[in-house]
Amino acid sequence: MVDRIADIWGPRTPHPRGTVWPARVDQHLEDGLTDADVDRWVPSACLLCSNGCGCDIAVKDGRMVGVRGRATDVVNHGRLGPKGLYGSTVWARSPDRLTRPLVRENGRLVETDWDTAMGRIVEVSRRLLAEKGPLSHGFYTSGQLFTEEYYTLAVIGKAGIGTPHMDGNTRLCTATAAAAFKESFGADGQPGSYTDIEHCDAIFLYGHNMAETQTVLWARILDRTRADDPPAIVCVDPRRTPVAAEAARTGGVHLAPRVGTNLALMNGLVREQFVNGWVEEEWVRRHTLGVDDLRAAVEPYPPEEVARICGVDAGDLRRAARIFGTSGSVLSTVLQGFYQSHQATAAAVAVHNLHLLRGQLGRPGAGVLQMNGQPTAQNNRECGADGDLPGFRNWDNEAHVRELAALWNVDPLVIPHWAPPTHAMQIMSYVEEGSIGLLWISATNPAVSMPESARIRRILAGEQCFTVVQDLFLTETARLADVVLPAAGWGEKTGTFTNVNRTVHLSQQAVDPPGEARSDLDIFLAYAAAMDFRDADGRPLIRWRTPEEAFDAWREATRGRPVDYTGLSYARLRGPTGIPWPVNEDAPEGTDRLYADAEFPTATDYCETYGHDLLTGAAVTEQEHRALRPDGRAFLKGAAWTPPHEETSDEYPLLFTTGRTVYQFHTRTKTGRSRALHEAAPDAWVELSPADAAGLGIAEGDVVRVESPRGAVEVRARIGQVMPGAVFAPFHYGSWDLDGAAAGERRQANELTMTVWDPVSKQPYFKTAACRVTKVRDGDGPAPAPTTAASAPATGRLPGTAGGAPTTSRVVPTPDYPNDPAGGR
Ligand SMILES: Nc1nc2c(c(=O)[nH]1)N[C@H]1C(S)=C(S)[C@@H](COP(=O)(O)OP(=O)(O)OC[C@H]3O[C@@H](n4cnc5c(=O)[nH]c(N)nc54)[C@H](O)[C@@H]3O)O[C@H]1N2
Ligand SMILES: Nc1nc2c(c(=O)[nH]1)N[C@H]1C(S)=C(S)[C@@H](COP(=O)(O)OP(=O)(O)OC[C@H]3O[C@@H](n4cnc5c(=O)[nH]c(N)nc54)[C@H](O)[C@@H]3O)O[C@H]1N2
Ligand code: SF4
Ligand SMILES: [Mo]
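Under an unreviewed UniProt entry, the name given to the protein chain is Molybdopterin oxidoreductase, and the organism recorded is Actinoplanes nipponensis.

Student: So what's going on with the sheet that holds strand β19 (residues 495-498)? Which residues, and what values?
Tutor: Reading across from one edge, β19-β20-β21 is the order of the three strands in this open sheet, with antiparallel pairing throughout. Two strands close off the open sheet at either side, each with one partner strand: β19 and β21 (579-580). As paired strands, β19 and strand β20 (residues 503-507) are joined by four bridges and run antiparallel to one another. Each residue of the ladder has a partner; that of Thr-498, found in β20, is Val-504.

Student: Provide a residue-level description of the sheet that holds strand β4 (residues 54-60), including the pertinent values.
Tutor: The six strands are arranged β1-β29-β2-β5-β4-β3 in an open sheet whose pairing can be described as antiparallel. In the strand order of this sheet, the two ends are held by β1 (2-3) and β3 (40-45), each with one partner. Pairing analysis gives five bridges linking strand β2 (residues 23-29) to strand β29 (residues 806-812), with the strands arranged antiparallel. Bridge pairing in β29 places Ala-23 opposite Val-812.

Student: So what's going on with the site of ligand 1? Residues and values would help.
Tutor: The local shell around ligand 1 holds 33 residues, among which Thr-213, Asp-237, Gln-336, Arg-660 and Gln-664 are the closest. At 3.0 Å, a side-chain N or O of Arg-239 approaches an oxygen atom of ligand 1. Contacts to ligand 1 include Gly-337, whose backbone N or O atom sits 3.1 Å from a nitrogen atom. Here ligand 1 loses 100% of its free accessible area of 910 Å² to cover by the protein chains. Listing elements by their share of the shell around ligand 1, those giving two or more residues are α6 (210-213), α14 (336-339) and β23 (654-659). With three residues, α14 is the single largest residue contributor to the shell around ligand 1. Of the residues belonging to the shell around ligand 1, the class tally is nine nonpolar, 18 polar and six charged. Of the domains in this structure, domain 2 (175-371) and domain 3 (654-777) are the two that each give at least three residues to the shell around ligand 1.

Student: Can you explain the pairing of β4? Please cite residues and give values.
Tutor: Counting buried positions over the seven residues of β4 gives six, a clear majority of the element. As defined by bridge partners, β3 adjoins β4 across six bridges and the pair is classed as antiparallel. Its bridge partner being in β4, Trp-41 is matched across the sheet by Ala-58. Counting the residues in the hairpin turn of β4 and strand β5 (residues 63-69) gives two residues, including Asp-61, whose phi is positive at 50°.

Student: Which residues make up the pattern of salt bridges, and what are the values?
Tutor: Going through the model one piece at a time under the given rule, you end up with 60 salt bridges. Close ionic contact of Arg-70 with Asp-56 constitutes a salt bridge, the shortest N to O distance being 3.2 Å. Of this pair, Arg-70 sits in the loop between β5 and α1 (82-87) while Asp-56 sits in strand β4, placing them 14 residues apart in sequence. Take Arg-70 and Asp-56: they sit in the same class, and that class is buried. Two residues, Arg-249 and Glu-246, come together in a salt bridge whose shortest N-O distance is 2.9 Å. With Arg-249 and Glu-246 both in helix α8 (residues 242-249), this residue pair falls three residues apart, about one helical turn. Linked through salt bridges whose partners overlap, the residues forming this network are Glu-651, Arg-705, Glu-707, Glu-714 and Arg-772.

Student: How would you explain the site of ligand 2 if you had to name every residue and give the values?
Tutor: As a matter of local geometry, ligand 2 sits amid 33 residues, with Asn-169, Ser-449, Asp-471, Thr-667 and Asn-750 nearest to it. Asn-169 has a polar side-chain atom sitting 2.6 Å from an oxygen atom of ligand 2. Taken by itself ligand 2 offers 920 Å² of open surface, and the protein chains cover 99% of this. Those elements that provide at least two residues to the shell around ligand 2 are α4 (170-173) and β17 (466-471). In the shell around ligand 2, the residues fall into 11 nonpolar, 16 polar and six charged. Here the shell around ligand 2 spans two domains, and each of domain 1 (107-170 + 383-580) and domain 3 (654-777) adds at least three residues to it.

Procedures and definitions
- Residues numbered from 1 in each chain as written.
- Chains lettered and ligands numbered in written order.
- Predicted model: local features only at pLDDT ≥ 70, side-chain atom pairs only at ≥ 80, totals over all residues.
- Heavy atoms only, no water.
- Pairing = 2+ DSSP bridges.
- Helix = DSSP H or I, 4+ residues; strand = E, 2+ residues; numbered from the N terminus.
- Near = heavy atom within 4 Å.
- Polar contact = N/O pair within 3.5 Å; in protein donor to acceptor, adjacent residues only side chain to side chain.
- Areas by Shrake-Rupley, 256 points an atom, 1.4 Å probe, with all protein chains shown as cover.
- Nonpolar A, V, L, I, M, F, W, Y, C, P; charged D, E, K, R; others polar.
- Domains from an automatic or database assignment.
- Buried < 20%, exposed > 50% of the residue type's maximum accessible area, 1.4 Å probe, protein only.
- Salt bridge = Lys/Arg side-chain N within 4 Å of Asp/Glu carboxyl O.

Here it is in structure tokens:
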């Protein structure tokens, strides 16, 4: 029995390099129930991060009462992490679930029936379409719905209404991953595989606290670093995370760059490859474009200059570069410390540059994982509810638009493709100005999660726009809506989703949703029916009714595209494991790793974008792209580092950055309702370095005020592991407590962040702002921060965070995993 709050990664199963990761089945049943109490187990996958661990849901008396990892699943080999174990099922029975639609009457939200709620939406929608046309509609969705739901919404938005104003919170999350893939390789799609962990010599984690944010993947790494012949870990993070600690243990390097200087650091690493002759010249000549421009772009970044800009040691930079340049196989992972920080796409692309220069792609151990965060972010990008065109099609390519028009039997002119799709922050600006008169928000809580919260609250509360919010709970955002629709959640509906390394899972309905709550698919279908969207022949535009029919329709949209689902079906997905796309006649078992033949989807007629200048975001034209004749070669692209938008000053001398703790998921609507997870991280805090805290007269647990030019929070201070000059805040805590009490805005990290975004990916910068910290009063105990992982106190003197109900963890015989280079079928 294991307390998985205290033991985050569970027991080790170390194993030699090149062998299969052993299977270990983790299980948690609520309230001391045992296997004998469970009526049935329903196959699914965990929806609390992008890792997508295969699991079965325990059902008793029509209720979800626990989860068990699936030993046969290629993703997790049976394991689950603290969020998956303790946070997957409890929220579903929470007494404050939304069970009936709400509409605003005289300023207040009141319960109503579906006909009334949907009737209001349809009335506004029809009126706006008649008076102002399609640009009056905006859809802001999620990284947490299912494929079938995104695809349906995409068809509604693009072919039913014809609005370019569609995006997901994926813009806040993994827009940069998608953008970086498109720039380097021509299309979205994860090159690497989790199986690279078993084979590599070194693992580089860039702005990625994997130990807390994909705990099961980190357990997979620990099972190599704690065995013989471990890979060297290199960590790029301004905090001393568990990843950084592992770098020290394995003889790797922890580079802690000043917040906002990632690109300078990357340029330094790339330059070292050239200077030391580590570039695989022949591979680069055959498979890439742009090496001379890249060499010139990184020339101004010798180690001493990088040291000056980033505040890292020049020797450490050289050591990290040497590990990259001399290892036989390297795996890199990238996440929000890059995607949400200054010059995001350029920095993420620089990781590709390193791999391309060294020919480190497409074979076991040599891979890139531009990570996702949300469990279904990938599907939104694939299906195009985020504004992209479905199937990684290029909105700028008339032939791609015609393919979709033929598939949907609509006039190509209906499908918005006259300008780039509108990104989320721009959608909010149109809502602010009132040119978008109907904003439909599904499965996201922007009042807490978007930057510059005061502005977002003002926009959503304003009279100028009619807002619909579709959620499980009355969130901060739902409280500002005109209509609130009660949704069914995970386990209460059926659908598919795709994890970081392209593995598709079928998540089956285990229980009924509460009250009148409906699946997001049913809600979108009901809207489409009420709006009576028709195709060119007058038939209903959307002809599917069930999740499976929606999946089959989506599968057709992937034919001939890189994201090829043609070999997948619900029947196939009911098997023992998720299956990574592409799945087709050539690859019936799916594909573990892309680009094994170093053939990239860059041909002008095939690619998803013609590309951009990484410094300015200026678009490359079709003609320019064609003239380069990329024809399957990857792009090497560089850019100069520029100082971040908001630098420190006398008034705001510290750098503010934000992120996560292992125990909470986002705005906590699920994890906050689990007692174990809630108590492990019950309230907001900020992390200060011991040096800064001493200078400001601040001790552990003191209440401090943190201010930026946009707002302030008052929370307790953890004297922690962040580098001097930086202040770290978790963004999980909104203005309402989960027991329904108002907590005020004084603890919401996004009060301080700013409305700026990357020029290429348009991802907002949650990780750079200037701030000042002052002490408000003495504390009465330690900060409410966990004492484990990256939030551990610098002194290490506080008791360890614990208190998870017992879970079981059993090592079981290791099955064969399809496609696994170390032990597949
Ligand atoms: N427990 C938990 N797990 C999650 C989630 C969750 O909410 N909770 N959310 C999921 C989602 S949607 C996402 S997107 C992922 C995010 O996963 P991560 O990206 O791993 O998480 P973050 O904490 O946002 O940021 C990672 C690290 O970036 C560092 N950082 C901050 N500024 C900079 C900088 O300028 N440069 C560099 N190099 N690093 C910087 C921070 O110190 C932090 O340790 O996690 C997923 N998994
Ligand atoms: N300062 C700062 N801000 C950040 C970040 C950061 O690192 N720092 N990270 C950003 C990132 S990467 C992300 S991903 C976002 C996350 O930000 P949000 O998406 O706003 O966070 P969640 O709390 O996951 O919101 C999801 C909502 O969907 C609801 N929901 C869950 N399942 C379903 C369903 O099946 N149907 C419906 N209709 N609703 C459902 C939940 O109750 C919840 O209210 O935050 C971003 N904001
Ligand atoms: S690693 Fe992610 S997907 Fe796996 S159990 Fe944890 S939260 Fe769920
Ligand atoms: Mo995310």
